[in-house]
Amino acid sequence: MSRNAARPAAPPRAEAPPSLHWQIAWRHLRAGDRPPSWAWPAVGLAVYLLIVGGGFVLYALYGFAPVDPSLPERVALDSSLVGLGFDPTLHLPPPAQAYFGVLGAITLLLGAGLLLGAVLSLVFTLLATVITVSVMLGCMALVVVLSLMTGLELELRDKILGQRAHIRVSAADGRPFADYRDLAHAIADKPGILGASPYLQGEVMVRSGFQRQGGILLGIDPELHRSVSNLPDIMREGDYEFLSHPERIPESEFGFDITPVEPPKSDEPDAAPDDKGGGATGLPLPTGSEDHVPEDIPSQAVDDDPDGGWEDPEVEIPALRKKGVIPAAKPVIEDKPPAVPTSPATAIPTIPRSPFGVVASGDEDEGWEDPEVEIGKLRASGKLPPPKPSEATPPPPPEPAVDVDTEEPGSSRALVDGLLIGSEKAKELAARTGDQVQLITPIGRMTPAGRIPGVMAVRVAGVFDADHYDYDRWLVYASLPVAQAFLRAGDRVTGLEVKVDDIEQLDVRKQAVQDAVDAAGRSDLIVQDWQELNRSLFSAMALEKIAVFVALLCVILVASFGILGSNLMSVLEKSKEIAILKTMGCTDALIQRIFISEGLCLGILGGILGIVTGIGLCGLLDRFGLPLGGTLQSFEQLPVFIDGFEVVLVGVSSLVIVWLSSLYPARIASRMRPVDALRQAER
């Protein structure tokens, strides 16, 4: 065999399997054959806490008998509220049961956290366990907070769209417009439109006998508004139908009426006492009643006269005319009696030039009225007492007494319109269904004394609870004709509210409404959807969610620094192993993938545990809630909605942060030469 014979070719270098770097990384993170000595005792303590916490929860749910409402353990309520069927503690557990439930929940959380840490310490090293728990807490916090904020946003959207419509048609300048009925019918006939309802909006003040509060008056058509709002479904007191039928409004539960200021009592025996006074906080009588006209109360004079200074004008005036002190009587001109106001438009008060009526211009007597004639009119209207009986004048026959309490509704009193108020407004005004309140608007009439505001007495037809503070605090509803007359708007409305069948097809439905408006030739009107009308609110909520997301990512960022430090220490400790692997033929890319895989193992495990734990906590919060009312007895369920996109975003973000924190140590390990690694290992 010659020397020049060809040598057999060296076998090709075997390539590493694709999962080799994952196997090495997993083996490096393992705790070894001897786990920490405290791991198993921690597991036992965690199991004990879980058993105790579970027992507390079960005992709180099933171990208590129903508590008698008469016992002091139940919250004491006003008997009047309970009698009306309003008992907020009816479905709440007693305090002792709530305490055991909260204590059991806290014990379960502590036991679950301790068990998780103990199990991880049995598998991984202590440093790897701490890093995994840090990543898990960051992901869990992100999932819970984002789910809460998304649930709050959706709940707020549902409340807005439930009481206010999806699309709104209004004038470009914001002023009321006319010719709205045909346009409303044309919009309602479009496909995908559930209804279109006109409304008139104006700022008013609502006044009761106890308080005054501002509000926004919405005049609606009860029949049409039912198709665009859930107002009939959220009535807590009264009935939505009372807007259309105010005569069905029940009387006040408290059995009193709010009336004008009581005039001073007269010392005359013939003066009938006024039992309708309401004090300084009283309100005018309903529009259209006879007592709605203000009375002029003459001053009382007291002297030594046996009759108390009282003189009959019908006797004294003829005597004065005989002496020439006052002029002769004027011819009597029969006038028609003034009409009694019966509509909200006449609630705007007027001030005459004299207390006896408006004097026509050019009167030859310069507004002088004959007392003999006017006194008879005032006595006929009941503003002056009847003449004192004397020997010459026989007393008039007594009129039959009328029992006011037994009168039929509407027989002598004018019909009072109804008003729907929110629950917060009802609390502030201390008003319930049937109570009388007063609406005041700055839109009034100009008089010689200045502009007089419009005032109208109404009765509370019902109380709604939208579970939205702004709506319950500010919105008050009246029928559209009443609001138009009271706000002096004529046959005009502020806009049209439109409700669609599918909110996901909002753009298509909005275009259909716009086509109906264009077909009607109403270039003065604009069409807006709920997103445009509430842009500022939802934009602020979106920015807040982004800010919270970035802030909670810092928790994962802190955990990423732990991964960075752990991998750097691993490079220094495993320098000998790195040199051996390189002498065996491992490439720099394989070494780099090994250290990146170590960080990704911790990140993936911590992210999965955090997402699962966060979803579980969200389910518990949605089911049981938290004691946010100041006591452990009242649990408030939080609006929670788990969005799949947000959960994926949390997982991807955590993996990106962990991957970036592993790049620098992996690059240092891949560039380390075997000789330098062996020298560093000898040190």
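Residues numbered from 1 in each chain as written. Predicted model: local features only at pLDDT ≥ 70, side-chain atom pairs only at ≥ 80, totals over all residues. Heavy atoms only, no water.

Trainee: Hey, could you run me through the overall build of the chain in this one?
Mentor: A count of helical and extended segments in the chain gives 19 helices and 10 strands. With 683 residues in all, the chain has 36% of them scored as buried. Within the chain, counting contacts between residues at least 6 apart in sequence, those at least 24 apart form 79% of the total. About 40,100 Å² of surface is accessible on the chain, with carbon and sulfur atoms providing 60% of the total. (Helix = DSSP H or I, 4+ residues; strand = E, 2+ residues; numbered from the N terminus. Buried < 20%, exposed > 50% of the residue type's maximum accessible area, 1.4 Å probe, protein only. Contact = heavy atoms within 4.5 Å. Areas by Shrake-Rupley, 256 points an atom, 1.4 Å probe, with all protein chains shown as cover.)

Trainee: Would you explain the nonpolar core in this entry?
Mentor: In summary, soluble globular proteins display a tendency toward joint burial of nonpolar side chains. Counting residues in hydrophobic clusters, the biggest one holds 66 residues, and the most contacted among them are Ile-187, Leu-217, Leu-419, Leu-420 and Leu-439. Not counting residues up to four positions away in its chain, the partners in contact with Leu-419 are Leu-217, Leu-243, Val-437, Leu-439, Val-458, Arg-459, Val-460, Ala-461, Gly-462, Val-476, Tyr-477 and Ala-478. One finds Leu-146, Leu-553, Ala-559 and Ile-657 within the second-largest nonpolar core, a separate group that totals 20 residues. (Core = buried A, V, L, I, M, F, W, Y, C linked by side-chain atoms within 4.5 Å.)

Trainee: Please clarify how the environment of Glu-223 should be interpreted in this entry.
Mentor: Among the secondary structure elements, Glu-223 is positioned in helix 7 (residues 222–225). Linking Glu-223 and Leu-243, residues 20 residues apart in sequence, is a C-alpha distance of 9.9 Å. If we ignore the near neighbours within four places in the chain, the residues touching Glu-223 are Glu-241 and Ser-244.

Trainee: Sorry if this is basic, but what is going on with the pattern of salt bridges here?
Mentor: Side chains that differ in sign of charge can pair as their charged atoms come close. Following the criterion strictly, the structure yields 16 salt bridges and no others. Linking Glu-155 and Lys-159 is a salt bridge whose minimum nitrogen-to-oxygen distance equals 3.7 Å. Here Glu-155 pairs with Lys-159, and both are found in helix 5 (residues 126–163), just 4 residues apart, close to one helical turn. A salt bridge links Asp-158 to Arg-157; its shortest N-O distance comes to 3.5 Å. For Asp-158, a relative accessible area of 44% gives the class partly exposed. (Salt bridge = Lys/Arg side-chain N within 4 Å of Asp/Glu carboxyl O.)

Trainee: I'm lost on the side chain of Arg-459 in this one. Help?
Mentor: Looking at the secondary structure, you find Arg-459 in strand 7 (residues 450–464). Within the structure, the side chain of Arg-459 is placed 3.4 Å from the backbone oxygen of Gly-434, a separation counted as a polar contact. With residues up to four places along the chain from it excluded, the contact list for Arg-459 reads Ile-249, Pro-250, Glu-251, Ser-252, Val-416, Asp-417, Gly-418, Leu-419, Gly-434, Asp-435 and Gln-436. (Polar contact = N/O pair within 3.5 Å; in protein donor to acceptor, adjacent residues only side chain to side chain.)

Trainee: What is the right way to read the confidence of the model for the chain from this model?
Mentor: As a general rule, the predicted coordinates of low-pLDDT regions are not to be interpreted in detail. Residue-level pLDDT values for the chain average 75, and 68% of them are 70 or greater. When pLDDT is averaged over each element of the chain, strand 8 (residues 475–479) comes out on top at 94 and helix 3 (residues 79–83) at the bottom at 44. Per-residue pLDDT stays below 50 along residues 333–342; that stretch engages in 6 contacts with residues further than four places along the chain or on separate chains. Across residues 348–368, where pLDDT falls below 50, the model places 26 contacts with residues more than four positions away in sequence or in other chains. (pLDDT = per-residue confidence, 0-100.)

Trainee: Would you mind showing me how to read the packing of helix 6 (residues 181–188) against helix 13 (residues 506–519) here?
Mentor: Packed helices, taken two at a time, are described by the angle between their axes plus the distance between the axes. Interhelical geometry of helix 6 versus helix 13 gives an angle of 145° and a closest axis separation of 9 Å. Every pair of crossing elements has a handedness; the one defined by helix 6 and helix 13 is right-handed. Facing Leu-183, Ala-186 and Ile-187 of helix 6, the residues of helix 13 in contact are Val-513, Ala-516 and Val-517. By residue class, the composition of the contact of helix 6 with helix 13 is 6 nonpolar, no polar and no charged. (Axes fitted to C-alpha atoms, helices over the stretch in contact; angles between N-to-C directions. Left-handed = near helix turned anticlockwise from the far one by under 90°. Nonpolar A, V, L, I, M, F, W, Y, C, P; charged D, E, K, R; others polar.)

Trainee: Would you explain the packing of aromatic side chains in this entry?
Mentor: The geometry of an aromatic ring pair is captured by two quantities: the separation of the ring centres and the angle between the planes. The full count for this structure, using the stated rule, is 3 aromatic pairs. Each ring, one from Phe-464 and one from Tyr-477, has its centre 5.6 Å from the other, and the planes form 75°; the classification is edge-to-face. With a gap of 13 residues between them, Phe-464 in strand 7 and Tyr-477 in strand 8 connect regions that are remote in the sequence. Both residues of the pair, Phe-464 and Tyr-477, count as buried. A centroid spacing of 5.3 Å and a plane angle of 75° characterise the contact between Trp-530 and Phe-538, whose relative ring orientation is edge-to-face. Phe-538 carries the same exposure label as Trp-530, and that label is buried. Arg-473 extends its terminal NZ or CZ atom over the ring of Trp-474, reaching a point 4.5 Å from the ring centre. (Phe/Tyr/Trp six-rings, centres within 6.5 Å; stacked < 30°, edge-to-face > 60°. Lys NZ or Arg CZ within 6 Å of the ring centre and 35° of its normal.)

Trainee: Would you take a moment to explain the side chain of Thr-132 for this structure?
Mentor: Tracing the backbone shows Thr-132 in helix 5. We classify Thr-132 as buried; its relative accessible area is 1%. With near-sequence residues (within four places) excluded, Thr-132 lies in contact with Leu-120, Leu-602, Leu-605, Gly-606 and Leu-609.

Trainee: Would you mind going over helix 6 with me for this structure?
Mentor: Residue pairs spaced three or four apart in an α-helix point in one direction, given the helix's 3.6 residues per turn. Of all the positions in helix 6, only Leu-183, Ala-184 and Ile-187 are classed as buried. Looking straight down helix 6, one finds its buried side chains confined to an arc of 100°; they lie on one side. (Arc of directions from axis to C-beta.)

Trainee: In this structure, what is going on with the packing of helix 5 against helix 15 (residues 535–573)? I would like to understand it.
Mentor: Closest axis-to-axis distance for the helix 5/helix 15 pair is 8 Å, and the angle between their directions is 175°. Between helix 5 and helix 15, the crossing angle belongs to the class labelled roughly antiparallel. Among the residues forming the contact of helix 5 with helix 15, the class breakdown is 24 nonpolar, 5 polar and 4 charged. (Parallel < 35°, antiparallel > 145°, perpendicular 65-115°, else oblique.)

Trainee: How should I be thinking about the pairing of strand 10 (residues 525–529) in this particular structure?
Mentor: Look at any regular strand and the pattern is simple: side chains alternate between the two faces of the sheet. The side-chain alternation of strand 10 yields one buried face, formed by Leu-525, Val-527 and Asp-529, and one unburied face, formed by Ile-526 and Gln-528. Relative to strand 10, strand 1 (residues 167–171) is paired through 5 bridges, and the arrangement is antiparallel. Bridging across to strand 10, Ala-171 finds its partner in Leu-525. (Pairing = 2+ DSSP bridges.)

Trainee: Help me understand helix 17 (residues 588–623), please; the structure alone is not making it clear to me.
Mentor: Taking 1.5 Å per residue, 36 residues should reach 52 Å; helix 17 reaches 53 Å between its end C-alpha atoms and fits that length. Two residues or fewer after helix 17 comes Gly-625, characterised by a positive phi angle close to 80°. (Expected span 1.5 Å × (residues − 1).)

Trainee: Before we go on, may I ask you to explain the pairing of strand 3 (residues 212–220) in this structure?
Mentor: Where strand 2 (residues 193–207) and strand 3 come together, 9 bridges link them in antiparallel fashion. In the sheet register, Gly-202 faces strand 3, and the bridge partner there is Leu-217. Between strand 2 and strand 3, which follow one another and run antiparallel, lie 4 residues. Across 5 bridges, the pairing between strand 3 and strand 8 is parallel. By the bridge assignment for strand 8, Gly-219 is matched with Ala-478.

Trainee: What am I meant to see in a nonpolar patch on the surface here?
Mentor: Judged by side-chain polarity, Trp-22, Ile-604, Ile-608, Val-612 and Leu-655 come together as a nonpolar surface patch covering roughly 430 Å² of accessible area. Among the elements that line the nonpolar patch, the one with the most residues is helix 17, at 3 residues. For Leu-655, the location among the structural elements is in helix 18 (residues 644–670). In this structure Leu-655 comes out as partly exposed when scored by relative accessible area, which is 32%. (Patch = residues over 30% accessible without salt bridge, like charges linked within 9 Å, V, L, I, M, F, W, Y side chains within 5 Å.)

Trainee: Sorry, what's going on with the environment of Ala-60 here?
Mentor: Within the element layout of this structure, Ala-60 appears in helix 2 (residues 39–62). The exposure class assigned to Ala-60 is buried, which follows from its relative accessible area of 5%. Separated by 41 residues in sequence, Ala-60 and Gly-101 have C-alpha atoms that sit 5.3 Å apart.

Trainee: When you look at unusual backbone geometry in this model, what are you seeing that I'm missing?
Mentor: Most of the time, phi is negative for any residue but glycine, and the peptide bond is trans. With a phi close to 55°, Asp-179 is a non-glycine residue in the positive phi region. Note on placement: Asp-179 falls in the loop between strand 1 and helix 6. Judged by relative accessible area, which is 65%, Asp-179 ranks as exposed. With phi around 55°, Asp-467 is a residue other than glycine that occupies positive phi space. Tracing the chain through its elements places Asp-467 in the loop between strand 7 and helix 11 (469–474).

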